[in-house]
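# A look at the structure
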Amino acid sequence: MSKLWAGRTAGITEKLADDFNSSISFDSRMYKQDIEGSIAHAAMLSKAGIITPEEKEELTEGLKGILSDLSDGSLEISPDAEDIHMFVEEELTKRIGDTGKKLHTARSRNDQVALDMRLYLREKTDIISGEIKDLLEALTDKAEEYKDFVMPGYTHLQRAQPVTFGHYLMAYAQMFIRDMQRLSDCRKRINVSPIGSCALAGTTYDTDRFFEAGLLGFDSVCDNSMDGVSDRDFCVELLSVISMIMMHLSRLAEEFILWSGLEFRFIELSDGYTTGSSIMPQKRNPDMAELVRGKSGRVFGDLMGILTVFKGLPLSYNKDMQEDKEGVFDAVDTVEMCLKIFKGMIRTMKANRENMASAAKEGFLNATDLADYLVSKGMPFRSAYKICGEITARCIEEGKTLEDLDINVYKGYSPLFDEDLYGVIDIKACAERRTSYGGTSVGSVELQIKKVRDFLSDAG
Ligand code: ARG
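Residues numbered from 1 in each chain as written. Predicted model: local features only at pLDDT ≥ 70, side-chain atom pairs only at ≥ 80, totals over all residues. Heavy atoms only, no water.

### Section: the packing of helix 10 (residues 233-260) against helix 11 (residues 287-310)
As a packed pair, helix 10 and helix 11 sit with axes 8 Å apart at the nearest point and diverge in direction by 160°. Relative to helix 11, helix 10 is oriented roughly antiparallel. Of the two possible hands of crossing, helix 10 and helix 11 adopt the one that is left-handed. Within the contact of helix 10 with helix 11, the residues separate by chemical class into 16 nonpolar, four polar and five charged. (Axes fitted to C-alpha atoms, helices over the stretch in contact; angles between N-to-C directions. Helix = DSSP H or I, 4+ residues; strand = E, 2+ residues; numbered from the N terminus. Parallel < 35°, antiparallel > 145°, perpendicular 65-115°, else oblique. Left-handed = near helix turned anticlockwise from the far one by under 90°. Nonpolar A, V, L, I, M, F, W, Y, C, P; charged D, E, K, R; others polar.)

What follows is the structure in structure tokens.
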């Protein structure tokens, strides 16, 4: 096929090589950004006196026409085009004739593709941030609803101390807040304009990169043209932030899977977010949570992919860089979908107060409180710890809980024990007394909820 870049070569390539070289099947999703960038470029060329105002109008009108025809489906992107940049330019020239050929003055596909990627990912970053915000709202609403549901808190997946389900949910809220902060930090480095770097060395034309960047809503302009065309750090950075989000979702997914099973029965996922089995009639499978857990692996793969493509790449542009796209697109699509799924799953799930409470009764979750009781009566913690360990061992042997033991048995271990110990080791009271900042008491969780809601309203 004959090419726009036919010149030194005849521009006639093998069909197989064309297919191999082509990126149109995946970069066509950036058509809006490509056209938006070209409209700004035409404006800059005119302002710099490189083209006339009339030519700028012609280019702009032509580009707008292509944009609206692509948006309403009356124009289809040809699968035979080499990439989205070539497609738009060829279509423009088809429509407006020779003026179309002036658009690519003081520009190269190398800075153009970097520009498109930045514009595209800037928008995606905002969308992902919005999804996290929605998820955080769902989490905090549920935390509010379940702020006094006492359940076992675990370390080593062994029952450790009582916590509330609200407290647990708010732990995830903290992770997602950090993710939002990371996204907004990453966005700063995405929002730097590479356009005007041209092929690699800049240009001899008297261009105004700052003007063009301003039209496109960039905060700044990259300071080195070789870096401008070869930098994909923002892709790697975004993918690592997305990987972190997926890791958080995957941890939550794992717990939802465990907790909705018969062994725990702490939560019930809604019919809308579970599936049945084709053979076992009783099944309700947490497929959505499992898929999110599985997809986290795939997104980590996308991150590894781009790191590996760029490792050892010499400056400046190399065609290897076309391989930046599919993994990045896959990761942004995947995380967006997973966040949406989780929002729905959380909004429609139910927690089971009785099952959580009965699990929290077994496993000596109040052993620490028993020791603290002795400490409050004047015993050093290490001695109290030892006595309570012995009492717990005795209970295990006798198949009892700490609440079951008679006061006289307690007194045999220490004269400091008195009737008031039963109030102290009551499981619900154990949770409620943890009023330290960030702790599990209802008051403390309410404060956490308030802080997250304040953060969300500040985030706009
Ligand atoms: N499709 C190419 C990419 O994604 C666009 C840039 C091509 N530049 C070039 N000099 N061949 O990277």
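### Brief notes about the pairing of strand 1 (residues 150-155)
Relative to strand 2 (residues 158-164), strand 1 runs antiparallel, the two being bridged by six bridges. The residue bridging Val150 from the neighbouring strand is Thr164, located in strand 2. What sits between strand 1 and strand 2 in their antiparallel hairpin is a turn of two residues, with His156 showing a positive phi close to 60°. (Pairing = 2+ DSSP bridges.)

### Some details on the side chain of Ser441
Counting through the fold element by element, Ser441 comes out in the loop between helix 18 (427-432) and helix 19 (442-458). Here Ser441 falls in the buried class, since its relative accessible area comes to 2%. If we ignore the near neighbours within four places in the chain, the residues touching Ser441 are Ala431, Glu432, Arg434 and Thr435. (Buried < 20%, exposed > 50% of the residue type's maximum accessible area, 1.4 Å probe, protein only. Contact = heavy atoms within 4.5 Å.)

### Some details on the pattern of salt bridges
Under the defined criterion, the tally for this structure stands at 44 salt bridges. Ionic pairing is found between Lys340 and Glu336, a salt bridge with its closest N-O pair at 3.2 Å. Within this pair, Lys340 and its partner Glu336 are both found in helix 12 (residues 325-348), separated by four residues, close to a single helical turn. A network of salt bridges, in which partner residues are shared, links Lys124, Glu131, Asp134, Glu336, Lys340 and Lys343. (Salt bridge = Lys/Arg side-chain N within 4 Å of Asp/Glu carboxyl O.)

### With respect to the environment of Asn285
The residue Asn285 is located in the loop between strand 5 (267-268) and helix 11 in this model. Assessed through its relative accessible area of 18%, Asn285 is described here as buried. In this structure, the C-alpha to C-alpha distance between Asn285 and Thr275, residues ten residues apart in sequence, is 5.1 Å. When sequence neighbours within four positions are dropped, the list of residues in contact with Asn285 reads Thr274, Thr275, Gly276 and Ser277.

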